[in-house]
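# Structural overview
Next come the chains, spelled out residue by residue.
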Amino acid sequence: KAVVSTQSTGFLDIPILQISFSVGGDTKSVVVRLPLMLHKFCEGMPMSPQEFFARWKNLGAPEQEFQKVFKSTKPMEQDFIRGKVQGFGLEVLEGVDPRIDNFVAAGIVHTIGAKIGCLVRLEPSKPAQMYRLTMRSAKEGVAELLVNFLAQDL
């Protein structure tokens, strides 16, 4: 069977489905963690460099930004990184960052009640085998959650 899901509000934890049923007169209950991550509701958002920097500047409150510096666990090839960023539902924006090795991306997390904008800057350092990943989001907590998910894939 297929399960169709819609995100009614932003969630910061993995959703849990509790199923209760009876077997031979005994009531049973099973708790299942659904493999639904917030980024599964993200759609890439194309924009010009001017739009990106204007939005980046508007999302300048400390609770709207999260940054993580971490060691690479996988190949640091441009195509691999691009695929991971796009796989998160983000639009990789060309010509925004003056350093050609850096990635800049944008997306919108869709919920029934809101659209949550997300902006990303990913700076790989091949000599150090490290990344600096910075995200800004319109909703508190979203940037931290998405950075941690994306960092696991890089």
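## Here's the deal with the pattern of salt bridges
Inspection of every chain in the model, using the stated rule, returns five salt bridges. Between R136 and E65 there is a salt bridge, with the nearest N and O atoms lying 2.5 Å from each other. Of this pair, R136 sits in strand β8 (residues 130–137) while E65 sits in strand β4 (residues 65–71), and the two are 71 residues apart along the sequence. For R136, a relative accessible area of 14% gives the class buried. Among the residues examined, E65 registers a relative accessible area of 30% and is labelled partly exposed. The salt bridge partner of R82 is E94, with a shortest N-O separation of 2.8 Å.

## As for the packing of aromatic side chains
In this structure the tally under the stated criterion is three aromatic pairs. Between F52 and W56 the ring centres are 5.6 Å apart and the planes differ by 25°, which places this aromatic pair in the stacked class. One end of the pair is F52 and the other is W56, both in helix α1 (residues 49–58) and four residues apart, which spans about a single turn. Through pairs of rings, three or more aromatic residues link up here, namely F52, F53 and W56.

Cut-offs and rules
Residues numbered from 1 in each chain as written. Predicted model: local features only at pLDDT ≥ 70, side-chain atom pairs only at ≥ 80, totals over all residues. Heavy atoms only, no water. Salt bridge = Lys/Arg side-chain N within 4 Å of Asp/Glu carboxyl O. Helix = DSSP H or I, 4+ residues; strand = E, 2+ residues; numbered from the N terminus. Buried < 20%, exposed > 50% of the residue type's maximum accessible area, 1.4 Å probe, protein only. Phe/Tyr/Trp six-rings, centres within 6.5 Å; stacked < 30°, edge-to-face > 60°.

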